[in-house]
There are 2 protein chains.
Amino acid sequence: MEDINFAVLGTGGIGRRALEYSTRKDGLTPVAACDRHGVAVDHDGLDVEELLAATEGNIASEARRASTESGEQGEPRTDGGAVAVKQSGERKGVAASVQADSTETPIDDIIAESEAIDAVLIALPNLEHDFIPRVADRFAEADYEGVLVDVLKRSRVIDMLDERTEAFEESGITFVCGAGATPGFLTGAAALAAQSFVEVEDVEIWWGVGLKSGYEDNRGTVREDIAHLDGYDIETARDLSDAEIEAIIEDHDGRIEFEDMEHADDVLLERAGICDAEDVTVGGILDVRSDEKPTTTTVSVTGRTFDGEVGTNTFQLDDATSMEANVNGPALGYLKAGVRRNRAGEYGVFGPADLMPGF
Amino acid sequence: MEDINFAVLGTGGIGRRALEYSTRKDGLTPVAACDRHGVAVDHDGLDVEELLAATEGNIASEARRASTESGEQGEPRTDGGAVAVKQSGERKGVAASVQADSTETPIDDIIAESEAIDAVLIALPNLEHDFIPRVADRFAEADYEGVLVDVLKRSRVIDMLDERTEAFEESGITFVCGAGATPGFLTGAAALAAQSFVEVEDVEIWWGVGLKSGYEDNRGTVREDIAHLDGYDIETARDLSDAEIEAIIEDHDGRIEFEDMEHADDVLLERAGICDAEDVTVGGILDVRSDEKPTTTTVSVTGRTFDGEVGTNTFQLDDATSMEANVNGPALGYLKAGVRRNRAGEYGVFGPADLMPGF
């Protein structure tokens, strides 16, 4: 396969790590990056080191949320916001890079260059759950032919993307959704583990995340997780102040256990034909006061073999592998798989399990 | 993706199970099958139940080996041979099916129909290690455009296939090699597990097979495994009589442990860019006197994450899943992945790990 040029929307934790990762992978060249402050494009390849230095400290914060609420809809906001963003003179975030220009229209600027971009990793926060689908709309309206990848977790976003299938097909977009750790890595593993069986009875996805030192970089993720707690949903979690989030964490002594999460894993496994959505359970433990994982991330797939035996295949991630590693490696792997589909003329919406071998 | 029509060369254990499996999978239609006795073709789909009943007892035996040595090169021989094959009047093997014709040229007969066949599973024994490559040659000479899949284990076959890459590309053949349990299922799992890491240090593949009731159906596999024992190689294992094999098994009390096997897993992981071949170890335990697995099949992938941690991700198959289940499910999964590549115009030789998402 030929080399892949890609762009990153957002330079928070995930976007920055994608840039960093690309320097470790052959055949993957970052050619564009943006946040709400600026856009950097170089079709020969960005200077990642310089860009990472310039955008250091792009982390989620209340300031970003406030600015969103003040009506800056449709702007590409990073995981991070104005308060934390490193400034270089008057310029903030990506705009502080010598490779970048300040802009009011960063996504449009990326779209303007998109004919030479094979894939776009959308690493923007999605607190309004239609935000990423609306970003995709803009690419479709511009007749983008290429791959869009998100690392979201929520089933309802996938439904929204599905509604856009026809537009994606007309444009030539292969949208790979939920391509991070979970769904993503873990649903891919479930799809693979399912190959021993002719009938899958049960998929259990159980994750552990220790997020002490990574907490500042991953506030968006924590907020998303809180939306899965009893008494909260996406809307109420979005409206929480940082102080309220801290209070919730305090109430749980820093260690929050989640059961029966409404993660998209179930929908994504069903659409790939692995099992019924109702046979999938997702849960896990988040510890924001330790870097040690509170529990070992495990995928268990129970099924019946063609010869009538029932068994459980398992996939386990070492506790030493960080959430960040398990999001970004798979995201880029799925990005590549998406580019292959795109070049083969397969357009529409694909989940990670759809990109695995298997029936 | 559109439905897939496929053919099976050979109706020993693997071929028969592939036919059986196809009745449990949507979008997969068996349209042709052959052994050295006969060929059955129905482009609307074979009657699998009837064909399986007719070919019951097609198992590897000395008789087949003897007939090979007597010069019937290039004939598609099943895993089984004349002695064990069920007879229906004068007709043997596939030829005993009401859907089949007796033939002296079964592979040519399949090739003659191959324009309407998306994929061919080559489930023939490969005791001469160039046998399957030579079968592939015949498809290439006939300008077959489609997928060929084998479930072999040996590195040297892959080298031979690689030498044919140009011929495959000219013809339009996507050859998926080593697509059974190991390599295959387990190298695919290793490729997936590697996604946490930017650098893989070590892949350990360790398998357990309990083959008491499945022994008769899998003599070819046992013979192949013996070739990996100290003091044996492919040639000497091929020349062993059934009685000599029994004696070797007896010497080991029915339970043979293999270390540092020359399995193709290493080559296949290296070609997919996962790690160096020398960092891959394959071993396992075969127990032909118990259906219980003597050890749990486990893939361990140790690597370094982008953030500098070293960890080991693991994939384990439940002891209750049989070798047969773990060969045939993945083989058909990889067959489908191969068809997708083929339809996208990607020709040549692919290992299982090449078909996984990832860089």
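Predicted model only: the values in this text are computed from it and were never measured. (Residues numbered from 1 in each chain as written. Chains lettered and ligands numbered in written order. Predicted model: local features only at pLDDT ≥ 70, side-chain atom pairs only at ≥ 80, totals over all residues.)

1. Looking at the overall build of chain A
Moving on, step 1. A tally of regular secondary structure across chain A gives 13 helices and 15 strands.
Moving on, step 2. Relative to its full complement of 359 residues, chain A shows a buried share of 57%.
Moving on, step 3. Taking the intrachain contacts of chain A between residues at least 6 apart in sequence as the baseline, contacts between residues at least 24 apart amount to 78%. (Helix = DSSP H or I, 4+ residues; strand = E, 2+ residues; numbered from the N terminus. Buried ≥ 20, exposed ≤ 12 C-beta atoms within 10 Å, placed from the backbone. Contact = placed C-beta atoms within 7 Å.)

2. Considerations on the relation of the copies chain B and chain A
Moving on, step 1. Superposing chain B onto chain A takes a rotation of 180 degrees plus a shift of 0.0 Å along the axis, which leaves an RMSD of 0.0 Å. Here the copies are linked by what is in effect a two-fold axis.
Moving on, step 2. Residue by residue, 100% of the interface of chain B is reproduced at the interface of chain A, so both copies engage with the same surface. (Least-squares fit on C-alpha atoms with pLDDT ≥ 70 in both.)

3. Some points on the sheet that holds strand 8 (residues 146-150) of chain B
All names here are of chain B.
Moving on, step 1. Strands sit in the order 6-3-2-1-7-8-9-15 across an open sheet of eight strands; the sheet is mixed. Two strands in the sheet have a free side with no partner beyond their single neighbour: strand 6 (100-102) and strand 15 (348-350). Between one strand axis and the next, the sheet turns through 25 degrees on average, direction left out of account.
Moving on, step 2. In this structure, strand 1 (residues 4-9) lies alongside strand 7 (residues 119-122), joined through four bridges in parallel fashion. Residue pairing in the sheet places Ala-7 in a bridge with Val-120 of strand 7.
Moving on, step 3. Where helix 13 (residues 323-343) meets the sheet, its contacts fall on strand 1, strand 2 (28-34), strand 7, strand 8, strand 9 (173-176) and strand 15, and the angle it forms with strand 8 comes to roughly 150 degrees. (Pairing = 2+ DSSP bridges. Axes fitted to C-alpha atoms, helices over the stretch in contact; angles between N-to-C directions.)

4. Observations regarding the sheet that holds strand 7 (residues 119-122) of chain A
Residues and elements named next belong to chain A.
Moving on, step 1. Pairing within the open sheet is mixed, and its eight strands lie in the order 6-3-2-1-7-8-9-15. For this open sheet the edge positions go to strand 6 (100-102) and strand 15 (348-350), each flanked by a neighbour on one side alone. With strand direction ignored, the average angle separating the axes of adjacent strands in the sheet is 25 degrees.
Moving on, step 2. Relative to strand 8 (residues 146-150), strand 7 is paired through four bridges, and the arrangement is parallel. Bridging across to strand 8, Ile-122 finds its partner in Asp-150.
Moving on, step 3. The strands touched by helix 1 (residues 13-22) within the sheet are strand 1 (4-9), strand 2 (28-34) and strand 7, with strand 2 carrying the most contacts at an inclination of about 155 degrees.

5. Re the environment of Gly-254 of chain A
Residues and elements named next belong to chain A.
Moving on, step 1. Secondary-structure assignment places Gly-254 in the loop between helix 11 (242-251) and strand 11 (255-258).
Moving on, step 2. Taking the C-alpha atoms as reference points, Gly-254 and Ser-171, separated by 83 residues in sequence, lie 45 Å from one another.
Moving on, step 3. If we skip the residues at most four places from it in the chain, Gly-254 touches Ile-249, Asp-287, Val-288 and Arg-289.

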